[in-house]
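If you want the building blocks of each chain, they are given just below.
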Amino acid sequence: MRLISQIGAWFDQRLQLAAPIREASGHRIPRNTASWWYVFGSAAFTVFCLQLVTGILLALTYVPSAGEAWSSLQALNHDVTMGWFIRGLHGWGSNFMVALVLIHMMQVFLFGAYKFPRELTWIVGVFLLLMTLGMAFSGQVLRFDQDAYWGLGIGASIVSRVPLIGPAAVQLMLGGPIIAGATLSRFFALHVFVIPGMLIGFVCLHLLMVLKLGINEWPMPGRIVKRATYISEYHALTEKDGEAFVPYGIWKDMFFAAFILLAVAACALYFGPFGPTGRPDPTIIQTAPKPDYFFLWLYAVLSLLPPSMETPALLIGPVVVMLGLLLLPFLSGEGEKSWKRRPIAVLTVMLLAIALATFTQLADHAPWSPVMDAWSGAPVPAQFLKHTSALERQGALVFQVKQCRNCHALDGGGGKRGPALDRVAVRLTQDQLIRQVIQGGGNMPAYGKNLSPAETTALVAFLETLHPAGQAAARDAARDIVLEKGSQ
Amino acid sequence: MANEPTMTRRRLFAKLGILFNGCVAAALAVPIGRFVLSSITHARANGYLTWVPLGRVNEFPEGETRLATFRNPLVEPTDGKTVDTACWVRHIAGEQFQVFAINCAHLGCPVRWFQQSGLFMCPCHGGAYYRDGSRASGPPERGLFEYPYKVENGLITIQAGETPTPGGPTAALPGKECSCA
């Protein structure tokens, strides 16, 4: 023991770190902040450390070349001992890190932690969120498969819409005219050097401010933050009702961090690594690219916005969100901290959470995407063909062959881009059906040029049979009268 | 304190030191900036577009739309398969063609041709285009991107080399009206 303390003293005489570490670990925190609500930031940091370690391990095998990246991932998955597990840890770690950063942000927002004097801590945190998302996107690119390739195309299409500098920004992003070797190399540099370097710097700043300014106290309704008095009130609180951070506060952080690491490992073990999906060969076009889960909501928004709204929303939306987040501590730097007295804050979080969850859920089903093989893979269910005439059956054939099923479902099978047609005859009369098929409209292409009159007649005859047994097909009452008069 | 001169010899040297470093940094910034922006300046100076052969006219039956592939004119050693590009070739009649980029005009996903319904459909957000590339439905704000083409000695050649994007320079290139055909 004497030897160990002698060695320790030798190092400390040179490093002089023992005193500041003792000071940091012994700094007093308000007792009620030693709560399970205060563990998300340290858990995000722990997962970040896991990402650093697993990232370095993956770099031992990964080749950042457009020609070889995909094969090196296959080697990691199948040849290198435990390569699949390290990939799983890194992939699941990234999912957990995004989720933890968002939860941490929600918690500090609801607890009013961004108010005086912690405005800069919040702002640095906003940049940490951006960098985490940047890591998530660039990481998805490094998994250089079909999703990564076309995901880059989507990124380029969005960037190209920036006025004036759009095309140049695309060339800068891709490192050339097309998505190719240079693109992967620069995303590798971003993912491995640039963003992690900035992340480490910003994390240090973020932590330094937490130490210097103290952890945000548990918000009490009615305890108002005022710039003039807050700091002395906070010190009085830590004196009167405070404890040393180690061990009073830290044990919950440690337990939760270990639990999260265990959860990441369990996911990696049970679900395995992500992809890679198909080889990144642009001549293979039988692919339906989808982003990873943290960007699914964006994928949904891009489908659901009206076309004319899309470019303004893409270009102005992020600026507004960023400005809102950065200005928040200046717009409400004082006042009530407790969520119990901040209904708009609570409603905002709920609205955002519900919107993100809904869009993510929608994107998982992607009802706006045509089912490309429904016309050949999902035949018209038999119950729709019972007791039908030859003409109507011919119509069913036209319905199938002309790829109507790619967008229109029957009995739940087929695309959901257009309305399901199980009961279409109840909604539309014969004339309306003909018009809709030939002229299109309401987001349906016009089929006039691709259907012969005979095909249209057969198709509409089939569509007219699509109504429930007890419910008659819609008909144009006035037309009946006109026809009746004509025949008299 | 008040009598102390505001500019000592040491302070002057410290300031000159900052100035010296600033000059060196400015000098180094030029090559570094040129390196970082090289993909943009290359496009400005030489352009990325070149005429690329797609195949013989008789490989594309009249009245049909076929998938063709070509190698991007600019190839770097680490590009792998990514320089192989697909496009849709519609042979209207005689020497009249339309060559569409594979990329949807919405966000660049690969569109697929459906002969029977005469539509191009996008798997990502459901954009659809008619056989002549014009917009049929969905989120795209415009028709498919077209490569300028020419037919010489029975060979169809297109002007390609840059991924078409909604705001990109190739988006505005003429298609049907191309005088070079």
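Since this is a predicted model, take the numbers as computed values, not measurements.

(A) Representation of the overall build of chain A within the structure. In terms of helices and strands, chain A carries 21 helices and four strands. Its C-alpha radius of gyration of 30 Å places chain A more than 25% over the 23 Å reference for a compact globule of 488 residues. With the C-alpha coordinates of chain A rotated into their principal frame, the extents come out at 115 × 60 × 45 Å. Taking all 488 residues of chain A together, the buried fraction comes to 37%. Long-range contacts, defined as pairs at least 24 residues apart, comprise 78% of the intrachain contacts of chain A with a sequence gap of at least 6.

(B) Structural detail: the overall build of chain B. Of regular secondary structure, chain B possesses two helices and eleven strands. When the helices and strands of chain B are listed from N to C terminus, the series reads α-α-β-β-β-β-β-β-β-β-β-β-β. Here chain B has a C-alpha radius of gyration of 26 Å; the compact-globule value for 181 residues is 16 Å, and the former is much larger. Its C-alpha atoms give chain B principal-axis dimensions of about 95 × 40 × 30 Å.

(C) Representation of helix α9 (residues 181-213) of chain A within the structure. Residues and elements named next belong to chain A. Spanning 33 residues, α9 covers 46 Å between terminal C-alpha atoms, matching the ideal 48 Å at 1.5 Å per step. Within α9, the axis deviates most sharply at L190, by approximately 40°. Buried residues along α9 sit in contact with α4 (69-78), α6 (119-142), α7 (146-159) and α8 (166-174). Just downstream of α9 lies G214, where phi reads positive at about 85°.

(D) How the structure looks around the domain arrangement of chain B. The domain architecture assigned to chain B consists of domain 1 (9-36) and domain 2 (48-172). On a C-alpha basis, the centres of domain 1 of chain B and domain 2 of chain B stand 50 Å from each other.

(E) Examining the interface of chain B and chain A more closely. Taken together, the contacts link 49 residues of chain B with 56 residues of chain A. For the side of chain B that touches chain A, the elements supplying multiple residues, two or more each, are α2 (38-45), β3 (84-93), β5 (112-114), β6 (119-121), β7 (128-130) and β8 (135-137) of chain B. Of the residues assigned to the side of chain B that touches chain A, the class counts are 21 nonpolar, 21 polar and seven charged.

(F) Representation of the sheet that holds β6(B). Residue and element names in this part refer to chain B. One open sheet accounts for four strands, arranged β5-β6-β7-β8; its pairing is antiparallel. Strands with a single pairing partner mark the edges of an open sheet, and in this sheet they are β5 and β8. Neighbour-to-neighbour, the strand axes of the sheet open up by a mean angle of 35°, direction not taken into account. The pairing of β6 with β7 spans three bridges and is classified as antiparallel. Of the residues in β7, the one forming a bridge with M121 is A128.

(G) Here's a closer look at unusual backbone geometry. All names here are of chain A. Following F116, the chain continues to P117 via a peptide bond in cis, the omega torsion being 0°. Structurally, P117 can be placed in the loop between α5 (83-110) and α6. In this structure, P276 follows G275 across a cis peptide bond, with omega equal to 0°. The topology assignment puts P276 in the loop between α12 (250-271) and α13 (296-304). One non-glycine residue, N443, lies in the positive phi region at around 75°. Turning to its location among the elements, N443 is positioned in the loop between α19 (430-439) and α20 (453-463). The class for N443 is partly exposed, based on 15 C-beta atoms found within 10 Å.

(H) How the structure looks around the sheet that holds strand β2 (residues 65-71) of chain B. Residues and elements named next belong to chain B. Judged by pairing direction, the sheet is antiparallel, and its four strands sit side by side in the order β2-β3-β4-β9 without closing on themselves. Edge strands, defined here as strands with exactly one partner in the open sheet, are β2 and β9 (146-147). Of the strand pairs in this sheet, β2 and β3 are connected by seven bridges, and their pairing is antiparallel. Note that in β3 the partner of A68 across the bridge is C87.

(I) Structural view of the packing of helix α17 (residues 390-401) of chain A against α20(A). Residues and elements named next belong to chain A. Where α17 meets α20, the axes come as close as 7 Å, and the angle between the chain directions of the two elements is 100°. The orientation of α17 with respect to α20, classified from their angle, is roughly perpendicular. Mapping the contact onto sequence places L391, E392, Q394, G395, A396, V398 and F399 in α17 and E455, A458, L459, V460, A461 and F462 in α20. Residue composition of the contact of α17 with α20, by class: nine nonpolar, two polar and two charged.

(J) Quick look at the environment of A378(A). Residues and elements named next belong to chain A. Relative to the helices and strands, A378 is located in the loop between α16 (374-377) and α17. A count of 19 C-beta atoms within 10 Å places A378 in the partly exposed class. Separated by 212 residues in the primary sequence, A378 and G166 have C-alpha atoms spaced 42 Å apart. In contact with A378, not counting residues within four places along its chain, are R405, G413 and G414.

(K) Broad picture of the environment of L54(B). Tracing the sequence through the fold places L54(B) in strand β1 (residues 50-56). Excluding anything up to four places from it in sequence, L54(B) contacts A68(B), F70(B), V89(B), I156(B), T157(B) and I158(B).

(L) Local environment of the pairing of strand β11 (residues 155-160) of chain B. All names here are of chain B. Relative to β11, β1 runs antiparallel, the two being bridged by six bridges. In the strand pairing of β11, P53 is matched with T157. Here four bridges tie strand β10 (residues 149-152) to β11, and the two strands are oriented antiparallel to one another. Among the inter-strand pairings, K150 is bridged to a residue of β11, identified as T157. Counted between consecutive antiparallel strands, the loop separating β10 from β11 contains two residues, among which N153 sits at a positive phi close to 50°.

(M) Expanded view of α12(A). Residue and element names in this part refer to chain A. Here α12 contains 22 residues, and its C-alpha end-to-end distance of 31 Å stays within 8% of the 32 Å for a straight helix at 1.5 Å per residue. Along α12, the positions that sit buried rather than exposed are D253, A257, I260, V264 and A268. Projected onto a plane normal to the axis of α12, the buried residues spread over an arc of 75° and lie on a single side. Exposed residues on α12 whose side chains face more than 90 degrees from its buried face are W251, F255, A258, F259, L262, A266 and Y270. Contacts from the buried residues of α12 go to α3 (40-59) and α5. A positive phi of about 80° marks G272, the residue just after α12.

(N) Highlighting the packing of α13(A) against helix α15 (residues 343-365) of chain A. Residues and elements named next belong to chain A. Between α13 and α15, the least distance of the axes is 7 Å, while the angle of their chain directions is 80°. One element, α13, and the other, α15, form an angle in the roughly perpendicular class. Across the interface between the two elements, L296, W297, Y299, A300 and V301 of α13 pack against L356, F359, T360, L362, A363 and D364 of α15.

(O) Structural detail: the confidence of the model for chain B. Residues and elements named next belong to chain B. Looking at chain B as a whole, the pLDDT averages 87, with 90% of positions reaching at least 70. Within chain B, α2 has the poorest average pLDDT of any element, 86, and helix α1 (residues 9-36) the best, 96. Across residues 173-181, confidence stays below pLDDT 50; counting only partners more than four residues off in sequence or on other chains, it has 13 contacts.

About the criteria used
- Residue positions are given per chain, counted from 1 along the sequence in the order it is written.
- Lettering for chains starts from A, numbering for ligands starts from 1, and both go in the order in which the items are written.
- With the structure being a predicted model, the display of local features is reserved for residues of pLDDT at least 70 and the display and counting of side-chain atom pairs for 80 or more, all residues being used for whole-chain, interface and lining totals.
- Helix and strand definitions follow DSSP, with helices as H or I runs of at least four residues and strands as E runs of at least two, each counted in order from the N terminus.
- As a reference, a globule follows 2.2 Å times the number of residues to the power 0.38, and the radius of gyration itself is taken over C-alpha atoms.
- As a rule, residues whose C-beta atom has 12 or fewer other C-beta atoms within 10 Å are exposed, those with 20 or more are buried, and those in between are partly exposed; C-beta atoms are placed from the backbone.
- Residue pairs qualify as contacts under a 7 Å threshold applied to their C-beta atoms, which are placed from the backbone.
- To estimate how far a helix should reach, multiply one less than its number of residues by 1.5 Å.
- Working definition for bend: take the seven residues up to and ending at a residue and the seven starting at it, fit an axis to each, and measure the angle between the axes.
- Residue ranges for the domains trace back to a domain assignment, done automatically or taken from a database.
- Here the nonpolar group is Ala, Val, Leu, Ile, Met, Phe, Trp, Tyr, Cys and Pro; Asp, Glu, Lys and Arg are the charged ones; every other residue, Gly included, is treated as polar.
- For two strands to be treated as a pair, DSSP must find at least two bridges joining them.
- Each axis is a line fitted through C-alpha atoms, taken for helices only over the stretch in contact, and angles between the N-to-C directions span 0 to 180 degrees.
- Small angles under 35 degrees read as roughly parallel and large ones over 145 as roughly antiparallel, with 65 to 115 read as roughly perpendicular and the rest as oblique.
- Summarising the geometry, the arc corresponds to the directions from the helix axis toward the C-beta atoms.
- pLDDT is a residue-level measure of predictor confidence that goes from 0 to 100.

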